[in-house]
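Chain by chain, the residues run as shown.
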Amino acid sequence: MTPLQQAYLTKLHATAAANLEFFKLNMPQIYQRIVAASPLPTLDISDQGDLALRYPDGTMKPVTPYYVAQEARFAEFADLKTRPQLLAFHNLRAVSEQPSYGDMQRYHYSNLDVEFRNRVCRHFVEHYPDATGLNRYPVFGSAKGIPLLLVLGSGLGGHLDRLVLEYDVRYLVVMETDEDAFRVSLFFQDYVQLSRLAMEKGTDLAFILGPDIEHITRGLMGMLRQSLPPFIVHGAALFYAMPEGERLEAIKTSVTDTLWQMFFGLGYFDDELIGIRHTFRNLEKQWPAYLATRVVDEEAVAFIIGSGPSLDGLLPLLEKYHDRAVLISCGTALGPLAHAGIVPDFHVEKERPGIVYEVITRTVPEAFRKQVHLLGLNVVMPEVFDLFGEGTVVIKEADTMGNLLRQRAGIAAPALDTQPTVSNMAMSLALSLGFKRIYLFGVDMGYRDTERHHSRHTAYLGKLPEAEHLKRLLSKRPTQEKTVPANFGGEAHTNNILEVSRLHLEVALLAHPGVRVFNLNDGVAIEGAMPLLPEQMALDATVEKWQVLEQIRSSRRHLAIDPEKLAAMLLEEIDDFISPLREIVSRPRFTRHDVIDTIIEIYRYVHGQIGKTAASDLYRGLILMLLSLTYNAISLIADEDEAVAKAEFDFLNLLDALETGRAKVLENLPG
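Numbering of residues begins from 1 in every chain and follows the order in which that chain's sequence is written. Residues qualify for local features only when their pLDDT is at least 70, as the model is predicted, and side-chain atom pairs are given and counted only at 80 or more; totals for whole chains, interfaces and linings, by contrast, use all residues. To obtain the side-chain values, all non-hydrogen atoms of the structure were used and water was disregarded.

### What to know about the sheet that holds strand 7 (residues 237-240)
Here is step 1 of the chain: Paired strands, in this sense, are two strands between which DSSP finds at least two bridges. Only DSSP runs of H or I reaching four residues or more are called helices, and only runs of E reaching two or more are called strands; each is numbered from the N terminus. Spatially, 4 strands are ordered 6-5-4-7 in an open sheet, and the strand pairing comes out parallel. Strands with a single pairing partner mark the edges of an open sheet, and in this sheet they are strand 6 (204-209) and strand 7. Shown here is a sheet whose adjacent strand axes are inclined to one another by a mean of 20 degrees, direction ignored. Comment: axis = line fitted to C-alpha atoms, over the contacting stretch for helices; angle = value between 0 and 180 degrees taken between N-to-C directions.

### Some details on the packing of helix 1 (residues 3-26) against helix 7 (residues 191-201)
Here is step 1 of the chain: With their axes 8 Å apart at the nearest point, helix 1 and helix 7 run at an angle of 55 degrees to one another. As summarised for this structure, helix 1 and helix 7 are arranged oblique, according to the angle between their axes. Contacts between helix 1 and helix 7 involve Ala18, Asn19, Phe22 and Phe23 from the former and Tyr191, Val192 and Ser195 from the latter.
Here is step 2 of the chain: Each residue receives one of three labels: charged for Asp, Glu, Lys and Arg, nonpolar for Ala, Val, Leu, Ile, Met, Phe, Trp, Tyr, Cys and Pro, and polar for the others, Gly being one of them. Across the contact of helix 1 with helix 7, the residue classes break down as 5 nonpolar, 2 polar and no charged. These descriptions rest on fixed angle ranges, namely under 35 degrees for roughly parallel, over 145 for roughly antiparallel, 65 to 115 for roughly perpendicular, and the rest for oblique. Residues are treated as being in contact if the distance between any of their heavy atoms lies within 4.5 Å.

### What to know about helix 21 (residues 563-585)
Here is step 1 of the chain: In this analysis, the expected span of each helix is defined as 1.5 Å times one less than the number of residues it contains. Compared with the 33 Å implied by 1.5 Å per residue over 23 residues, the 33 Å span of helix 21 between its first and last C-alpha is a close match.
Here is step 2 of the chain: Think of it in three bands: residues with accessible area under 20% of the maximum for their type are buried, residues over 50% are exposed, and the middle band is partly exposed, with areas taken using a 1.4 Å probe on protein chains only. Of the positions making up helix 21, those classed as buried are Leu566, Ala567, Leu570, Leu571, Glu573, Ile574, Phe577, Ile578, Leu581, Ile584 and Val585.
Here is step 3 of the chain: Each element contacted by the buried residues of helix 21 is listed here: helix 10 (269-285), helix 16 (400-407), helix 22 (592-609), helix 23 (614-636) and helix 24 (640-668).

### Overview of the pattern of salt bridges
Here is step 1 of the chain: Salt bridges are identified by distance alone: a Lys or Arg side-chain nitrogen within 4 Å of an Asp or Glu carboxyl oxygen. Within the structure shown, the criterion is met by 33 salt bridges.
Here is step 2 of the chain: Of the charged contacts in the structure, one is a salt bridge between Arg582 and Glu659, with a shortest N-O distance of 3.4 Å. Residue Arg582 is found in helix 21, and its partner Glu659 is found in helix 24; the two are separated by 77 residues along the sequence.
Here is step 3 of the chain: Residue Arg582 is classed as partly exposed on the basis of its relative accessible area of 39%.
Here is step 4 of the chain: By relative accessible area, which is 32% here, Glu659 ends up partly exposed.
Here is step 5 of the chain: One continuous salt-bridge network, built from bridges that share partners, spans Arg33, Glu179, Asp180 and Arg183.

### A short note on the pairing of strand 12 (residues 373-377)
Here is step 1 of the chain: With 5 of 5 residues buried, strand 12 lies mostly within the body of the structure.
Here is step 2 of the chain: On strand 12, burial covers both faces: His373, Leu375 and Leu377 on one face and Leu374 and Gly376 on the other are all buried.
Here is step 3 of the chain: Here 4 bridges tie strand 11 (residues 346-349) to strand 12, and the two strands are oriented parallel to one another. Looking across to strand 12, one finds that Val348 is bridged to Leu375.

### Section: the confidence of the model for the chain
Here is step 1 of the chain: Every residue is assigned a pLDDT by the predictor, reflecting its confidence on a scale from 0 to 100. Across the chain, pLDDT averages 89, with 93% of residues at or above 70.
Here is step 2 of the chain: When the elements of the chain are averaged for pLDDT, helix 18 (residues 468-474) gives the smallest value, 48, and strand 17 (residues 516-519) the largest, 98.
Here is step 3 of the chain: Of the regions scoring below 50 in pLDDT, residues 460-467 engages in 20 contacts with residues more than four places distant in sequence or in other chains.
Here is step 4 of the chain: Contacts of residues 473-478 to residues separated by more than four positions or lying in other chains number 17 contacts, the stretch itself having pLDDT below 50.

So this is what it looks like as structure tokens:
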């Protein structure tokens, strides 16, 4: 080996060693992935210092052409007309006519979410009736200003330093699915220097590494939520530091397809107001509340019954074993059970609008209902509890009134996962009660047949011919369909809501490794739930069922709460929450960057208040929706001063929405 070869290799290995120490100190999880194996390629160097990567199959890839190709990528990136971006446009011209929620308006006590969104859109249309004065693609000030930059692939280095130095990047995220490629980059990219440069330029730097594309896209969403408003993905710049091909396209597609999850679960003011009104009225009725945990015998068995298409074929099993397990019905599953004459021990409801009352009264006979014990969230319409023989209130987590009851009224309710579907609530309840053996009936999380996504005897399949508005609401086909692995092999179909529901179930089961869950359904595979063919099921009598039911009933407690004091606490929290936002908005802004700073500061304030004040849950969705419209608008308005002026109108509109919301809360409090 020549002195040049030796010196060059020493330099490269020294860089790699320094990088390893950097990741070990600052990002230990990535360090563990890096040191798990050596890179498959090895370094090959000529007498003149020409570097190449040698692969196990004997092929070699020269390094120099990589840097030449990289220059073409930089030229593409420098031009706003060719720079790759992720686009998540709002329709800033979409003004909703009254009634704001269409057929759902009858179930709401306000329409602030739509009203204040309309104000923002009308203002935009008034000043920009056509495309004049607007950018075709998002621009955040100058061509150098980039709020969020996603670098797909780690490459061989150099590009990251240049991106940080040549552009004003707020947040830079490196996403790499090829762990070998990342290990190779350690020899060429000085990550220690990169971190120093990022600190000097004010760039937040993050890495997401792993072979599973879906995993790294979920990692991106989780990371952004911690520090950035989810809508900042709109207009995010993309830099490709990996070869063109299927993997690159798969990453782009995965990120784009999962953008909707960034907005999932943010909540709406109008929904929270329903929850406030219903909770106070449920407190006035003095329903007992579920507060204790781990109350059932360890040998007890629970059946969770959803309304998926598999339920129809599983009804004979329910009939056979109904006296040996606690039957927990979920939402619209009550209709098929009533049709089959199988009375569940408990029925779970989580939805707050009055449609629940209408569906139940039209699909389930009164004589059947009166045999059932309702477990309903505190936000459920009070009249729904009256439909059943018994009722127990379950305190909702991550909810305005749920958090107020816990934090200010001292109600030590168990933290249950009630999102996004009623099956999640039922599973969380069963786990909280202490069941160690759980069987899933009709919890399909999808469907084999795209023409049949629910049991034949649910309201979803047109069992309400005399109620046209309900028929329209419930007969809508699932949207955003995707194909996923099925429980008994092959493929099944699902949609976004059911996919998130499945993920929540899997997280819950992962947190309870001692619980055995059996999936009897010909639907979607659920990790942590064991597939069990119906003909293989055999359930011996264990603990007496009446004893388990009594254990659950005895866990209830009556809430001793003064509604007037609770109402005063809520208004106090609202006032305390709004005050800092007024101070943030009152500061002067002169550039688009100043506007983005304000948007991020508001987001971080609101995000930081989650779990600390009920007012954050009340306003979070409304605030983020309005801010996302502002962010979209300032990216499209070409003139800097006009963009700032638009933002000022929107910020004042936001403050008005908060005050109007307070007045609406006051209208719906008791007395």
